[in-house]
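# Inside the fold
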Amino acid sequence: MAKLTKMDDIVSLCKRRGFIFQSSEIYGGLASCYDYGPLGVELKNNIKKAWWKSVVQMRDDVVGLDCSILMHPLVWKASGHADHFSDLVAECRKCNTRTRVDQLKDAPGGAAAGPAGAGDLGGKVCPSCGTAGNFTQPMPFKLMFETSMGANREDAMTLYLRPETAQGIFANFRNVLDTTRVKIPFGIAQIGKSFRNEVTTKAFIFRTREFEQAELEFFCEPGTDENWFGHWKEQRFNWYLDLGIKKENLRFREHEKDELAHYAKGCADIEYLFPFGSGDWQELEGIANRTDYDLRQHQRGIRTSNSWQESKGDLSKVTLREEEADYMKGPLSYYDEEKKGRYIPYVIEPSAGIDRSTLAFLVDAYDEEEVRGETRNVLRFSPALAPVKAGIFPLTNKEGMPQTARNLYNSLRGRFNCFYDEKGAIGRRYRRQDEAGTPFCITVDGQTAQDQAVTVRERDSMVQTRVALDQVKNYLSEKLGL
Ligand code: GAP
């Protein structure tokens, strides 16, 4: 039960301290949509920065991109999402709740529990009202949100909110090739919002209908894909560890052949032990070998669009061999100068959820301890992720202390995100920063005017050190590693 308490504690801390709020709360809230408050937006921005630094900034072989959320509907036709991106759901005949078939739990007593006529779901139970085996036939439920573009009804176009950022990368593959000096192997990275009309949403920000993804499409020569798959699995796993996630809470799960997405040759999930129920391993990030599926589909997509049909006629009459020859001449093929040959690149895709990793970083950092008979709540964030790096306080509002503390604050804030606070007992100010995950608190006291030094308190050990005022910036840089 301890794990369950922990999740509740995190949700309550997130609200109390302004990390995460329910969307539209003043109107009663909008289910499964969340807003990031002042501390939450800093945390999330730091996670995105850390991802970008590791995947783009520190590599010679990856470039960035920021695509629009709305794309031409043919993109989703070619990618397969328009026809296949759905969940199989069944509706409970008693309470009309729709549930994903793969998430229905067995009724106690198994298959015998359901009434006659409930089909394959006779032994399953409705998670909402508890009725066993009284479901409609399973049916596909489309996950993409539709919207329409254009002011005039006659020429308005039905569009989709993107369900993944990846397709914007494939659609820009040629643009990036033509405008940069990248050569295969190379990757294109993007962070942005995605939308899915999820049937079942889950546990706070774990599964929502609007969420942020950090995706890399890494293009490589066919035959080298297995090596790159291994490379990215290792890189991405270590990224979480380097940012402080405990090793015992992280693992890989390789997908079985029958659960692979239609485009994937292989897939491994990085899973985190979330505190749902008594502990639940759930996907944090997927790393997939997407082969040449997407580029081929788009090449085919461009050809079947009007201009190509006019020049080539009926696609069904084009033989596979002709099509293959065409692919090799097409805009999404790649001419390898060194090999003097053309191919459609394979793609390795590490795809992370920013909201989901924000939850994992919060859960992993959360700690409670007894200090002098009181409970101390502390978020032990790694320095790179901490929303605020230093809290700066005058001990009292007298003897020039606020002025000195403000001067120090102004000299540090250009370099680190800092927080100035002069209200309340110093112990309480420390506790507030512990709950925000601030690694250092700096106090200007009565002694400062004499020795030109301040007290620096470290969050995890609570050890206090005297540091010269003119050395504080260097001290923090060194300790934070920033
Ligand atoms: N382009 C591949 C792709 O989108 P995915 O496994 O569907 O693959 C990748 O999603 C990651 O995006 C997941 O591992 C998860 O972290 C995040 N994600 C997916 N759906 C989500 C949702 N409804 N809410 C929050 N995060 C989600």
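Residues numbered from 1 in each chain as written. Predicted model: local features only at pLDDT ≥ 70, side-chain atom pairs only at ≥ 80, totals over all residues. Heavy atoms only, no water.

### A closer look at the overall build of the protein
Defined as follows: Strands are runs of DSSP state E lasting at least 2 residues, helices are runs of H or I lasting at least 4, and numbering of each runs from the N terminus. Three exposure classes are used, based on accessible area relative to the maximum for each residue type with a 1.4 Å probe and protein chains only: buried under 20%, partly exposed in between, and exposed over 50%. For this analysis, residues touch if any pair of their heavy atoms sits within 4.5 Å. In short, Shrake-Rupley with a 1.4 Å probe defines the accessible areas, and a residue's cover is counted only from the protein chains shown. In this tally, Lys and Arg are treated as positive and Asp and Glu as negative; His is ignored, and so are the chain termini. A charge is said to be at NZ when it belongs to Lys, at CZ for Arg, at CG for Asp and at CD for Glu.
Per the secondary structure count, the protein includes 15 helices and 25 strands. With the C-alpha coordinates aligned to their principal axes, the bounding extent of the protein is approximately 90 × 65 × 50 Å. In the protein, buried positions account for 50% of the 482 residues. Here the analysis covers contacts within the protein between residues at least 6 apart in sequence; of these, 64% occur between residues at least 24 apart. For the protein, the accessible surface area stands at approximately 23,700 Å², while carbon and sulfur atoms represent 49% of it. Charge centroids of the protein, computed over 66 positive and 69 negative side chains, lie 3 Å from each other.

### Some thoughts on the site of the ligand
Rules: Note on definitions. A residue lies near a molecule or strand when any single heavy atom of the residue is within 4 Å of it. Here a polar contact is taken to be a pair of N or O atoms separated by no more than 3.5 Å, where protein atoms must pair a possible hydrogen donor with a possible acceptor and residues adjacent in sequence count only if both atoms sit in side chains.
Residues in contact with the ligand amount to 19 residues; listed here are only the nearest, Glu164, Glu198, Thr208, Glu215 and Glu283. With respect to the ligand, the side chain of Arg196 contributes an N or O atom lying 2.8 Å from an oxygen atom. Contact distances for the ligand include 3.0 Å between an oxygen atom and a side-chain N or O atom of Gln213. Across the complex, the protein chains shield 90% of the 560 Å² of accessible surface that the ligand would expose by itself. Looking at the shell around the ligand, the elements with two or more residues in it are β12 (210-220), β15 (280-291) and β18 (346-353). Here the shell around the ligand takes five residues from β15, the largest share from any one element.

### Some words on unusual backbone geometry
Cis geometry marks the peptide bond from Ile184 to Pro185, where omega comes out at 10°. Structurally, Pro185 is set in the loop between α6 (173-179) and β11 (186-195). One non-glycine residue with positive phi stands out, namely Ser32, at about 60°. In this structure, Ser32 sits in the loop between β1 (20-22) and β2 (34-36). Its identity as a non-glycine residue notwithstanding, Gln452 has a phi of 50°, on the positive side. Looking at the secondary structure, you find Gln452 in the loop between α14 (448-451) and β24 (453-458). Judged by its relative accessible area of 46%, Gln452 is partly exposed.

### So, the state of the cysteines
Applied cut-off: The definition used for a disulfide is geometric: two cysteine sulfur atoms within 2.5 Å.
Applying the stated criterion across every chain yields a total of zero disulfides. Residue Cys95 stays outside any disulfide, its sulfur separated by 3.8 Å from that of Cys126, the closest cysteine. You can see Cys220 has no disulfide; the closest cysteine sulfur is in Cys267, sitting 15 Å from it. Accessibility expressed as a relative area gives 0% for Cys220, which makes it buried.

### What about the packing of helix α12 (residues 401-412) against helix α15 (residues 472-480)?
Selection rule: To define axes, lines are fitted to C-alpha atoms, for helices over the stretch in contact only, and angles between the resulting N-to-C directions are given on a 0 to 180 degree scale. When an angle is under 35 degrees it counts as roughly parallel; over 145 it counts as roughly antiparallel; between 65 and 115 it counts as roughly perpendicular; any other value is oblique. Two helices that cross are described as forming a left-handed crossing if the nearer one is turned anticlockwise from the farther one by less than a right angle, and a right-handed crossing if clockwise. Residues were grouped as follows: Ala, Val, Leu, Ile, Met, Phe, Trp, Tyr, Cys and Pro as nonpolar; Asp, Glu, Lys and Arg as charged; and all remaining residues, including Gly, as polar.
Running from amino to carboxyl end, α12 crosses α15 at an angle of 50°, the nearest separation of the two axes being 10 Å. Of the possible angle classes, the one that applies to α12 and α15 is oblique. Where α12 crosses over α15, the handedness of that crossing is right-handed. Residue-level contacts link Leu408, Ser411 and Leu412 of α12 to Val472, Lys473 and Leu476 of α15. Looking at side-chain class alone, the contact of α12 with α15 contains four nonpolar, one polar and one charged residues.

### Examining the environment of Gly122
Tracing the backbone shows Gly122 in the loop between β6 (105-106) and β7 (124-125). Considered as a pair, Gly122 and Ala132 are ten residues apart in the sequence and their alpha carbons are 7.1 Å apart.

### Considering the domain arrangement of the protein
Selection criterion: Bear in mind that the domain bounds are from an automatic or database domain assignment. We define buried area as the total accessible area lost by two parts upon association, computed with a 1.4 Å probe and summed across both. The working definition used for a salt bridge is a side-chain nitrogen of Lys or Arg within 4 Å of a carboxyl oxygen of Asp or Glu.
As far as domains go, the protein holds domain 1 (7-69 + 162-292 + 345-360), domain 2 (86-142) and domain 3 (388-480). A straight line from the C-alpha centre of domain 1 to that of domain 3 covers 35 Å. Contacts between the two partners involve seven residues from domain 1, matched on the other side by six residues from domain 3. A buried area of about 570 Å², summed over both sides, lies between domain 1 and domain 3, and 39% of it is on carbon and sulfur atoms. Three residues, Arg17, Leu39 and Glu42, lead the burial of domain 1 against domain 3; their summed loss comes to 66% of the area buried on that side. Scanning the region where domain 1 abuts domain 3 turns up two salt bridges.

### Quick word on the packing of aromatic side chains
Where two aromatic rings form a pair, the distance of their centres and the angle of their planes describe that pair. The condition is simple: Geometry of aromatic contacts follows a simple scheme: Phe, Tyr and Trp rings, the Trp one being its six-membered ring, pair when their centres are within 6.5 Å, and the pair is stacked under 30 degrees between planes, edge-to-face over 60, tilted otherwise. For a ring to carry a charge above it, either NZ of a lysine or CZ of an arginine must fall within 6 Å of the ring centroid while also lying within 35 degrees of the normal to the ring plane.
One pass over the structure, following the stated rule, counts 22 aromatic pairs. For the pair Tyr34 and Phe204, a centre-to-centre distance of 5.3 Å together with 80° between the ring planes defines the contact as edge-to-face. In this pair, Tyr34 sits in strand β2 while Phe204 sits in the loop between β11 and β12, placing the two residues 170 residues apart along the sequence. On the basis of an interplanar angle of 10° and a centroid distance of 6.2 Å, the ring pair of Phe173 and Phe186 is categorised as stacked. One end of the pair, Phe173, is in helix α6; the other, Phe186, is in strand β11, with 13 residues separating them in the sequence. Exposure remark for Phe186: the relative accessible area of 1% places this residue in the buried category. One aromatic cluster is present, built from ring pairs that chain together Phe170, Phe173, Phe186 and Phe219. Directly above the ring of Phe252 sits Lys233, whose terminal nitrogen or CZ lies 5.1 Å from the centroid. The cationic tip of Arg406 hangs over the ring face of Tyr420; the distance from NZ or CZ to the ring centre is 4.2 Å.

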